[in-house]
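Structural overview
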Amino acid sequence: PFSDAKRASAHFHAPVILKQCFGFDYRSMAVFRIAMSSLILVDLWLRSYWIHDHYSNLGVWPVSNAVQEIRYSFSFHFVSGSYWFQAFLMCVAAFCALCTLVGWHWRFFAVMNWLMMSSIQNRNQWLLDGGDEFIRMFTFWAMFLPLSERFSIDSLPSRNGKKVITNANNGGNSNMKSSDGSSYYVSCGTLCLWTQFAIIYLFTAFLKWAPEWVGPDYTATQYALGLDLFVTKFGQFMLSLGPNFLKFMTIAVLWFEKAAPILMIMPFWNGPMRIIGILGIFAMHVGFGSCLKLGMFAWVPAGVVLIFLPGWFWDTLLPFIRAHLPLPQQYRQQRSSSANSVTTIYTKGDRTWMASTMFSMFFLWNRYQIIDASILQRDRSPMNAGRERERDMMTSSSSSSSSSSPSLSSDIALNLGYEREPLADNETFCV
């Protein structure tokens, strides 16, 4: 049996460990909000160039085709296929992302942000990649987190007359040191977001069971960098470093995808372990984007992982870096203790229906990985669909002359959303 002192110690440290493992620092959640909103604005800016070709009825994928393809998904873009209506909805989505960026009426615009991005993605699913999946999933879980408690308009003391208090337990500063876990926010929402993050990376790693990944070949990186349609000049340089280096990169990517979710919830050395995991995710995805033309997929996961920044980063590592960098004196000064930060007090906690909704969404979104990953690869892969479409078109046009091949290949590239130069007479387009 425990003594009274041991019982008190166990009672005190248990919630601290829970907060440090599954909780998020308020400042990190604010950085996550800013990063994700900025990435959404960039994504909308890139999509705006293709409103005519890929979203209006004058393009390659009219609304009637999209409605028949997606029977059980919603999209505001299905209301009309006119160019100006599609452009108007893009502007609405950009306004919602801008409001979440500055943290204005966070709860309302967080919901609108997810609805608008889901609507845009459902309008033309042939254009989606892994970055779009990240945006849709993590904007959903962001609705259940207080991401506007720091660095936002909603966090101002006089905002809407909200009741605010100062944390007297830390000299009036609510950003308490991470050693006691008090700067962390933990709820069903934080647990679900970490679980979603873990599902993505763990199942991605477990599905890599081919010899190219698990041996004895370890040639997955070499094959990826051999795709001339996607490889960059830096990727060609990496390919020239030799098979031993590429074998090492293959093993490193596979094992880090398994280790990254675990590093985020380590009960000991939680701060340094999270920093290692964050730097690894940054390096992995920025490396993907530097070697291959992957669009937003190279940058969105790097923005998502910012929510895992521990309080140790803000309270210990960042002041240490400032103290040892040749910065001007005004940047070295810490905030005065009289400038007390405030925390909005919500009188109602998480609801049972909210938790049930979250875990139901887990199953709906990840049912393919959990039940049968092959269904996901077959039904949702634009590349496989493109191959089938190309094969059907090739079969139907087998009786035509060889001079029609360039236009056929150009049509395939346009339907799949690829941007390419015109083909020469002796050149073949490969999807």
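Let us look at the structure shown here. (Residues numbered from 1 in each chain as written. Predicted model: local features only at pLDDT ≥ 70, side-chain atom pairs only at ≥ 80, totals over all residues. Heavy atoms only, no water.)

1. Side note on the nonpolar core
Core analysis: the biggest nonpolar cluster contains 68 residues, and Phe138 and Phe308 have the highest contact counts within it. For this core, the element with the highest residue contribution is helix 2 (residues 26-48), accounting for eight residues. Judged by nonpolar contacts, the second largest core, of six residues, contains Val231, Met238, Leu246 and Cys291. (Core = buried A, V, L, I, M, F, W, Y, C linked by side-chain atoms within 4.5 Å. Buried < 20%, exposed > 50% of the residue type's maximum accessible area, 1.4 Å probe, protein only. Helix = DSSP H or I, 4+ residues; strand = E, 2+ residues; numbered from the N terminus.)

2. As for the packing of helix 6 (residues 106-123) against helix 7 (residues 130-142)
The N-to-C vectors of helix 6 and helix 7 enclose an angle of 155 degrees; their axes lie 9 Å apart at closest approach. As the angle between them shows, helix 6 and helix 7 are arranged roughly antiparallel. Seen along the crossing, helix 6 lies across helix 7 with a hand that is left-handed. Note on element contacts: helix 7 touches helix 6 through Asp132, Ile135, Arg136, Thr139, Phe140 and Ala142, opposite Trp106, Ala110, Asn113, Trp114, Met117, Ser118 and Gln121. (Axes fitted to C-alpha atoms, helices over the stretch in contact; angles between N-to-C directions. Parallel < 35°, antiparallel > 145°, perpendicular 65-115°, else oblique. Left-handed = near helix turned anticlockwise from the far one by under 90°. Contact = heavy atoms within 4.5 Å.)

3. Focus on the packing of aromatic side chains
Applying the stated rule across the entire model yields 22 aromatic pairs. Look at phenylalanine 24 and phenylalanine 308: their rings are 5.3 Å apart centre to centre, the planes differ by 90 degrees, and that puts the pair in the edge-to-face class. With phenylalanine 24 in strand 1 (residues 24-25) and phenylalanine 308 in the loop between helix 14 (300-304) and helix 15 (311-324), this residue pair connects regions lying 284 residues apart in the sequence. For phenylalanine 24, a relative accessible area of 1% gives the class buried. Look at phenylalanine 74 and phenylalanine 76: their rings are 5.6 Å apart centre to centre, the planes differ by 70 degrees, and that puts the pair in the edge-to-face class. By the ring-pair criterion, three or more aromatic residues cluster together here, those being Phe24, Phe134, Phe138, Phe197, Tyr201, Phe297 and Phe308. Directly above the ring of tryptophan 213 sits lysine 208, whose terminal nitrogen or CZ lies 4.2 Å from the centroid. (Phe/Tyr/Trp six-rings, centres within 6.5 Å; stacked < 30°, edge-to-face > 60°. Lys NZ or Arg CZ within 6 Å of the ring centre and 35° of its normal.)

4. A look at the environment of glycine 103
Tracing the backbone through its elements, the reader meets glycine 103 in the loop between helix 5 (83-102) and helix 6. Accessibility expressed as a relative area gives 0% for glycine 103, which makes it buried. It is 9.9 Å that separates the C-alpha atoms of glycine 103 and serine 37, two residues lying 66 residues apart in sequence. Residues in contact with glycine 103, not counting those within four places in the same chain, are Arg33, Ser148, Ser152, Ile153 and Asp154.

5. Details of helix 5
For helix 5, with 20 residues, the first-to-last C-alpha span of 29 Å sits near the 28 Å given by 1.5 Å per residue. Buried within helix 5 are the following residues: Gln86, Ala87, Leu89, Met90, Ala93, Cys96, Ala97, Cys99, Thr100 and Leu101. The inward-facing, buried residues of helix 5 abut helix 2, helix 3 (51-54) and helix 6. Within two residues after helix 5, glycine 103 carries a phi angle of roughly 70 degrees, on the positive side. (Expected span 1.5 Å × (residues − 1).)

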